[in-house]
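# Observations on chain architecture
So the chains spell out like this:
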Amino acid sequence: MKQFLSINDVENLENLIQDALEYKKKPLKDEHLAKGKTLGLIFMNSSLRTRMSTQKAAENLGFKVMTFNAGQDFWAWETEDGAVMNGTTVEHIKDAATVIGQYCDVVAIRCFADLKNKKSDTEEKILTLFQKYLNKPLISMEAATRHPLQSLADTITIKEQWKETKKPKVVLTWGPHIKPIPHAVANSFVEWMNAQDVDFVITHPEGLDLDPAFVGDTQVANNQEEALKDADFVYIKNWSSFNDYGKVAEGYDDWMLTEEKMKITNNGRPMHCLPVRRNVEVSDEVLDSEQSLIFEQSYNRLFAAQAVLKNIL
Amino acid sequence: MKQFLSINDVENLENLIQDALEYKKKPLKDEHLAKGKTLGLIFMNSSLRTRMSTQKAAENLGFKVMTFNAGQDFWAWETEDGAVMNGTTVEHIKDAATVIGQYCDVVAIRCFADLKNKKSDTEEKILTLFQKYLNKPLISMEAATRHPLQSLADTITIKEQWKETKKPKVVLTWGPHIKPIPHAVANSFVEWMNAQDVDFVITHPEGLDLDPAFVGDTQVANNQEEALKDADFVYIKNWSSFNDYGKVAEGYDDWMLTEEKMKITNNGRPMHCLPVRRNVEVSDEVLDSEQSLIFEQSYNRLFAAQAVLKNIL
Amino acid sequence: MKQFLSINDVENLENLIQDALEYKKKPLKDEHLAKGKTLGLIFMNSSLRTRMSTQKAAENLGFKVMTFNAGQDFWAWETEDGAVMNGTTVEHIKDAATVIGQYCDVVAIRCFADLKNKKSDTEEKILTLFQKYLNKPLISMEAATRHPLQSLADTITIKEQWKETKKPKVVLTWGPHIKPIPHAVANSFVEWMNAQDVDFVITHPEGLDLDPAFVGDTQVANNQEEALKDADFVYIKNWSSFNDYGKVAEGYDDWMLTEEKMKITNNGRPMHCLPVRRNVEVSDEVLDSEQSLIFEQSYNRLFAAQAVLKNIL
């Protein structure tokens, strides 16, 4: 694997999942694999789970880890080619990426959608430029349109839990939120579920469609209760409007995932990538139920990252 | 030792002090003890001494160290059970703590009093919730009401310096400050001194009593000069009002610890946990005198942390 | 070498350069040299290249690295001796430096000029006080008046590139910028070039002289085109006014380094320390030309830091 920006970079998904599950049993089995190597973590946005799980995973393999918190405000990168840099940007991303690549053996970056410029978000402008100039293997720790480390952890979690021979029914349901939230987790989940042998449905209020480039011919329903029927796994996630780009959808509080709704499912397992707005997106009862997989997912982040790092080496 | 949140968690104080003194002679004697283990440092408030001494102590034992700077503003944690999270909090502390515990073997947290909500500070709301959901050994790097790593270093410092057979007289004196300062260092010092065989007195202006739950039947004087008489150790520390919760006490500039006042003592040794507002809390002459123990205290922070980490393993 | 604050601390420059070039071939050849030792990195200003290259260099030698981001705003250090600290400063630099020295074996600090107080900048007030109280070897990662790690990397770069027996002509030319920029890189470059066997010229608009204490009897020209004639290396750098201290010089846009101007040179190699304001200081064509050495310079930062750290041990 030369990079890990989306599921398209994965050569053999089954092997990747097996690597992760082996690390879950023996996290230190390859503790010298990355001896003398340095992983650079570049954060343009804040991070808890991704920061800690990626660092820990890397150290389990013997990497040294260097972190750079860019922050949009205090180290603004120019992304326009040919720009006359007499404004607020301090360094061109092509210079920054080239230099970071000189100091690291592998680099991971987090660069969220800004939800203002649909075109540059959709094109993954920052990720694409960074990758172009880095000259080293790049891992996405969530970019504008995808969050593949999360989706790998989600996929592992579903694999681990599902013991039956028939396909599970997996539902991705939109949930309410008070802030504009990117599409990355939802888009990635769609891509990874479509690569699995599952019966997959997306449900969201009318008009809140995800980018059709990700949805393709995935089954979509605007009636949440109908979609939840017989679901084995229910992934709840907010996303802001894609059409009215970045707008918060108001008036859909009844889309919160509740115990009542979980009863419609086939004793379904609720999932969320965290952080979660409790009692806005999902009720406490659902998150804290025995069925809840939220902490299985976060724990699997460790081994997802470790398997990806191993395959990059 | 299962956790280190207060002196009550210490099983054998003499052994803990001996461990620290041995590390002071041979810091690397247990350099592989924590091989493959990760210590997470969670800072909800800024830190210099605690950050650096705890990291260095951990690395002396072979820990990997991961740091997460929460910062009240950019990663606000919800602490109310059942809250509808449609406000400014981004993640519930129970989710954050559970996840952090999944990625670390031992965790240390700094979570100051906010000095606005007396009840939640006094109940150690953040520390208690964090500990409840962490599922891993927790160390306090200063919480709302206590700073036990500081007090252990202070106790070691007094032990090292006192060579006589009679009990030393130790005075904790209030000093002026321009900002509202938490009670944690003072409360902890009271607890740890009351567990030592010392003659201990607290002195502060009338009305500036510490929380009676910590003071108990400790001797308290409102006349600083009288209290300082024959003192062998003088610990100076500001704290804001406990009764008029968090209020800065004005009009007590003459409580600053000066050379003149130190003359009343028995060639006493001035102590302060740092950072210190020079010439406000204590005069330069006192801090920079040969008698001053401020840098003995800060140096002992290293070995206090190392002994605590060893006993937690 | 006991410290590295300027070229004056270098005992044998040729050996230092040779050490760096050997590390460039074999970065891990001394990977246990600093076993059990800790390097503290103190940043009072933000940093990308310096942060990452110094950390990586230290880890190549077996150092543990601890980073403290001071930031002027949230951990303000008092620098006045005898100050009554009833204002915005939280800790005296002498207390901070002493404590940091207790926890680290070697310390590196970044403390830019504030460009407001010419006297304290020129005196290197912060660096000098920090060094005075540290009691450990100190490395400058750019201070108010010098950036010696950059200049060492620049010197190595020129050495590597210059294969002829005659002296190269090296020109330091002022370039436009929209913000007040310190003099440190330019001053240091002057010092290091004057210690080399090169034909060295500084060129800048009239009135924008550097501090005469650095310039000495170095050749200075106010006609950029004349200075660039036959140049083998062209170092472009902005600096704000030294006379009208910290003022941004306006109206000199035509001092931007362009392809046209490079044609005047002897197929000269453009150099810049980065970050660079593209198409303000230098045009894209020059920065991205085959002749450009900007990434040779940044890559050499690694080995410059590693050689300095080795010689300090």
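Residues numbered from 1 in each chain as written. Chains lettered and ligands numbered in written order. Predicted model: local features only at pLDDT ≥ 70, side-chain atom pairs only at ≥ 80, totals over all residues. Heavy atoms only, no water.

### A word on the interface of chain A and chain C
Chain A puts 34 residues into the contact, and the matching count from chain C is 28 residues. Buried surface at the junction of chain A and chain C, both sides included, amounts to about 2500 Å², of which 59% is carbon and sulfur. Per-residue buried area on chain A facing chain C is highest for Met66(A), Gln102(A) and Tyr103(A); these three make up 26% of the total on that side. Between the two partners, chain A and chain C, sit 5 salt bridges. A salt bridge links Asp105(A) to Lys56(C); the shortest N-O distance between them is 3.8 Å. Counting across the interface, chain A meets chain C through 17 residue pairs in polar contact (both at pLDDT 80 or more). At the level of secondary structure, the elements contributing two or more residues to the side of chain A that touches chain C comprise strand 1 (38–43), strand 2 (64–69), strand 4 (91–92) and helix 3 (93–103) of chain A. Sorting elements by how many residues they give to the side of chain A that touches chain C places helix 3 of chain A first, with 8 residues. Residues of the side of chain A that touches chain C, tallied by class, amount to 15 nonpolar, 12 polar and 7 charged. (Contact = heavy atoms within 4.5 Å. Buried area = accessible area lost by both parts, 1.4 Å probe. Salt bridge = Lys/Arg side-chain N within 4 Å of Asp/Glu carboxyl O. Polar contact = N/O pair within 3.5 Å; in protein donor to acceptor, adjacent residues only side chain to side chain. Helix = DSSP H or I, 4+ residues; strand = E, 2+ residues; numbered from the N terminus. Nonpolar A, V, L, I, M, F, W, Y, C, P; charged D, E, K, R; others polar.)

### Considering the packing of helix 1 (residues 13–25) of chain A against helix 12 (residues 294–312) of chain A
Residues and elements named next belong to chain A. Packing of helix 1 against helix 12 leaves a shortest axis separation of 8 Å and a crossing angle of 115°. Of the two elements, helix 1 crosses helix 12, and the hand of that crossing is right-handed. Counted together, Leu16, Asp19, Ala20, Tyr23 and Lys24 of helix 1 and Glu296, Tyr299, Asn300, Phe303, Ala304, Gln306, Ala307, Val308, Lys310 and Asn311 of helix 12 form the full contact between these two elements. In terms of residue class, the contact of helix 1 with helix 12 is built from 8 nonpolar, 3 polar and 4 charged. (Axes fitted to C-alpha atoms, helices over the stretch in contact; angles between N-to-C directions. Left-handed = near helix turned anticlockwise from the far one by under 90°.)

### Here's the deal with the packing of helix 1 (residues 13–25) of chain B against helix 6 (residues 148–161) of chain B
Residue and element names in this part refer to chain B. Contact geometry of helix 1 with helix 6 gives a least axis separation of 11 Å together with a crossing angle of 75°. For the element pair helix 1 / helix 6, the angle class is roughly perpendicular. Along the contact surface, helix 1 presents Glu14, Leu16, Ile17, Ala20, Leu21 and Lys24, while helix 6 presents Leu152, Thr155, Ile156, Lys159 and Glu160. Of the residues assigned to the contact of helix 1 with helix 6, the class counts are 6 nonpolar, 1 polar and 4 charged. (Parallel < 35°, antiparallel > 145°, perpendicular 65-115°, else oblique.)

### Considerations on the pairing of strand 10 (residues 233–237) of chain B
Residue and element names in this part refer to chain B. Of all 5 residues in strand 10, 5 are buried; the element is thus mostly enclosed. Neither face of strand 10 is exposed, since Phe233, Tyr235 and Lys237 on one face and Val234 and Ile236 on the opposite face are all buried. Summarising the sheet, strand 7 (residues 169–174) and strand 10 pair through 5 bridges and their orientation is parallel. Bridge pairing links Trp174 to Lys237 in strand 10. (Buried < 20%, exposed > 50% of the residue type's maximum accessible area, 1.4 Å probe, protein only. Pairing = 2+ DSSP bridges.)

### A word on the domain arrangement of chain A
All names here are of chain A. You can read the domains of chain A as domain 1 (7–146 + 300–312) and domain 2 (149–298). Placing the centre of domain 1 and that of domain 2 at their C-alpha centroids yields a distance of 25 Å. Carbon and sulfur atoms make up 65% of the area that domain 1 and domain 2 hide from each other, which totals about 2600 Å². On the domain 1 side of the contact with domain 2, Leu115, Asn300 and Arg301 bury the most area, a combined 26% of that side's loss. Where domain 1 touches domain 2, the interface holds 3 salt bridges. Counting across the domain 1 and domain 2 interface gives 14 residue pairs in polar contact (both at pLDDT 80 or more). (Domains from an automatic or database assignment.)

### Re the sheet that holds strand 2 (residues 64–69) of chain C
Sheets are built from strands that pair by backbone hydrogen bonding, the pairs being arranged parallel or antiparallel. Read from one edge to the other, the open sheet built from 4 strands follows the order 2-1-5-6 (chain C), with strand pairing classed as parallel. Each having just a single partner strand, strand 2 and strand 6 (138–140) of chain C make up the two edges of the open sheet. Taking the axes of each pair of neighbouring strands and ignoring which way they run, one obtains an average angle of 20° across the sheet. Pairing analysis gives 3 bridges linking strand 5 (residues 106–110) of chain C to strand 6 of chain C, with the strands arranged parallel. Each bridged residue has a counterpart across the sheet, and for Ala108(C) the counterpart in strand 6 of chain C is Ile139(C). Strand contacts of helix 2 (residues 49–60) of chain B: strand 1 (38–43) and strand 2 of chain C, with the helix running at about 165° to strand 2 of chain C, the strand carrying the most contacts. Sitting on the sheet, helix 2 (residues 49–60) of chain C touches strand 1, strand 2 and strand 5 of chain C, and the angle it makes with strand 1 of chain C is about 175°.

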